[in-house]
Amino acid sequence: MLVHAQRGRLARRLGVAGAVAALVVASLTAGSASASASTAPSNVEPQLWAELAGGATTSFWVYLAEQADLTAAPINTAHAPVNRVETTRWVYQELTRVAESSQAGVRAMLAARGVEHTPFWISNVIHVTGDAALARQLAARADVSHLEADQPYQLIEPAARADAPIGIAAIEWGVAN
């Protein structure tokens, strides 16, 4: 009789656990359908998505997928001396060429929608001001790598020292009498 009572309690516990598990699964699947509209795309920084919550507009960075390959830049060697100006010119031309070609589609889309934006060739990014819908559209593009929040940094002002002497305190290094 004791064995039957233990089996009965075990069956009831398993039944309750199964019902709880079914409720949890049902609530998760119902919640995921409504949460998918507010879920950030995988290539959008979570901080940016949090800033865009509730229909807010903010500034953010759009990083493009294509990056300039600078490994072919002319370098100065003993066998092939290269002028520094020539190397600098080559790097600048390559960075601007890649930025102009890879940013063209995104810039055209932003201009057509009247979205405020500023392109940067040196790192192939575009600074954009927009909302979550714009961020989602940009993140879905194949030519966009990822989106990041604009994080302003506060510069530290140098503190003036009252005890600092004015002028030269000693003979400069490398200067003889």
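To be clear, the structure that these remarks concern was listed above.
The model shown is predicted, which means the values in this text are computed figures rather than measured ones. (Residues numbered from 1 in each chain as written. Predicted model: local features only at pLDDT ≥ 70, side-chain atom pairs only at ≥ 80, totals over all residues. Heavy atoms only, no water.)

Colleague: I would appreciate a short explanation of the overall build of the chain in the present structure.
Modeller: Assigned secondary structure in the chain consists of 4 helices and 4 strands. Secondary structure of the chain in N-to-C order comes out as α-α-β-α-β-β-α-β. Counting across all 177 residues of the chain, residues that qualify as buried make up 21%. Contacts in the chain between residues at least 24 apart in sequence constitute 68% of all its contacts with a sequence separation of at least 6. (Helix = DSSP H or I, 4+ residues; strand = E, 2+ residues; numbered from the N terminus. Buried < 20%, exposed > 50% of the residue type's maximum accessible area, 1.4 Å probe, protein only. Contact = heavy atoms within 4.5 Å.)

Colleague: What should I look at first to understand the nonpolar core in this one?
Modeller: A general tendency of soluble globular proteins is for nonpolar side chains to be buried together. The biggest cluster of nonpolar side chains holds 20 residues, and the ones touching the most others in it are Phe60, Val62, Leu110, Val128, Leu134, Leu138 and Leu147. Where this core is concerned, the elements lending two or more residues are helix 2 (46-51), strand 1 (58-64), helix 3 (84-112), strand 3 (125-130), helix 4 (132-139) and strand 4 (144-149). Looking at this core, the element that brings in the most residues is helix 4, giving 4 residues. Filtering out sequence-adjacent residues up to four positions away, leucine 134 remains in contact with Phe60, Met109, Leu110, Val115, Val128 and Thr129. (Core = buried A, V, L, I, M, F, W, Y, C linked by side-chain atoms within 4.5 Å.)

Colleague: What is the right way to read a nonpolar patch on the surface from this model?
Modeller: The grouping of Tyr92, Trp121 and Ile122 at the surface amounts to a nonpolar patch, some 330 Å² of accessible area in total. Of note, isoleucine 122 is situated in the loop between strand 2 (117-120) and strand 3. (Patch = residues over 30% accessible without salt bridge, like charges linked within 9 Å, V, L, I, M, F, W, Y side chains within 5 Å. Areas by Shrake-Rupley, 256 points an atom, 1.4 Å probe, with all protein chains shown as cover. Salt bridge = Lys/Arg side-chain N within 4 Å of Asp/Glu carboxyl O.)

Colleague: Just checking my understanding: could you explain the packing of aromatic side chains for this structure?
Modeller: Two descriptors summarise a pair of aromatic rings, namely the distance from one centre to the other and the angle between the planes of the rings. Applying the stated rule across the entire model yields 2 aromatic pairs. Between the aromatic rings of tryptophan 61 and phenylalanine 120, the centroid separation amounts to 5.5 Å while the plane-to-plane angle is 55°, which identifies the pairing as tilted. Pair noted here: tryptophan 61 is in strand 1 and phenylalanine 120 is in strand 2, with a separation of 59 residues, a long-range link. Since its relative accessible area comes to 21%, tryptophan 61 is described here as partly exposed. Relative accessible area serves as the criterion here: at 33%, phenylalanine 120 is assigned to the partly exposed category. Taking 5.0 Å as the distance between ring centres and 90° as the angle between the ring planes, the aromatic pair formed by tyrosine 92 and tryptophan 121 counts as edge-to-face. Residue tyrosine 92 is located in helix 3, and its partner tryptophan 121 is located in the loop between strand 2 and strand 3; the two are separated by 29 residues in the primary sequence. (Phe/Tyr/Trp six-rings, centres within 6.5 Å; stacked < 30°, edge-to-face > 60°.)

Colleague: I tried to follow the sheet that holds strand 4 on my own but got confused; where do I start?
Modeller: Think of a sheet as strands paired side by side through backbone hydrogen bonds, with each pair either parallel or antiparallel. A sheet is described by the order of its strands in space; here 4 strands give the open sequence 2-3-1-4, paired in antiparallel fashion. Because the sheet does not close on itself, it has two edges, and the strands there are strand 2 and strand 4. Shown here is a sheet whose adjacent strand axes are inclined to one another by a mean of 25°, direction ignored. Pairing analysis gives 4 bridges linking strand 2 to strand 3, with the strands arranged antiparallel. From the neighbouring strand, histidine 117 faces strand 3, where its bridge partner is valine 128. (Pairing = 2+ DSSP bridges. Axes fitted to C-alpha atoms, helices over the stretch in contact; angles between N-to-C directions.)

Colleague: I would appreciate a short explanation of the pattern of salt bridges in the present structure.
Modeller: Pairing of side chains with opposite charge becomes possible as their charged atoms draw close. Scanning the entire structure with this criterion turns up 2 salt bridges. A salt bridge links arginine 97 to glutamate 94; its shortest N-O distance comes to 2.7 Å. A residue pair is termed a helical-turn pair when its members lie 3 or 4 positions apart in one helix, as arginine 97 and glutamate 94 do in helix 3 at 3 residues. Judged by its relative accessible area of 44%, arginine 97 falls in the partly exposed class. Residues arginine 141 and aspartate 143 are paired through a salt bridge, measuring 3.0 Å at the closest nitrogen-oxygen approach. What makes aspartate 143 partly exposed here is its relative accessible area of 24%.

Colleague: Whenever I open this one, helix 3 confuses me. Can you help?
Modeller: Each α-helix winds once per 3.6 residues, and so residues spaced three or four apart point in a common direction. The terminal C-alpha atoms of helix 3 lie 40 Å apart, and with 29 residues this matches the ideal 42 Å at 1.5 Å per residue to within 8%. By the largest-angle criterion, alanine 104 marks the main kink of helix 3, which is about 50°. Buried residues of helix 3: Thr87, Glu94, Leu95, Thr96, Val98, Ala99, Ser102, Gln103, Val106, Met109 and Leu110, and no others. In this structure, the buried side of helix 3 is in contact with strand 1, strand 2, strand 3, helix 4 and strand 4. N-cap assignment for helix 3: the residue whose side-chain oxygen lies 2.9 Å from the backbone N of valine 85 is asparagine 83. Count one or two residues on from helix 3 and you reach glycine 114, which has phi positive near 70°. (Expected span 1.5 Å × (residues − 1). Bend = angle between axes of the 7 residues up to and from the residue. Polar contact = N/O pair within 3.5 Å; in protein donor to acceptor, adjacent residues only side chain to side chain.)

The values are spatial; any link to function lies outside them.
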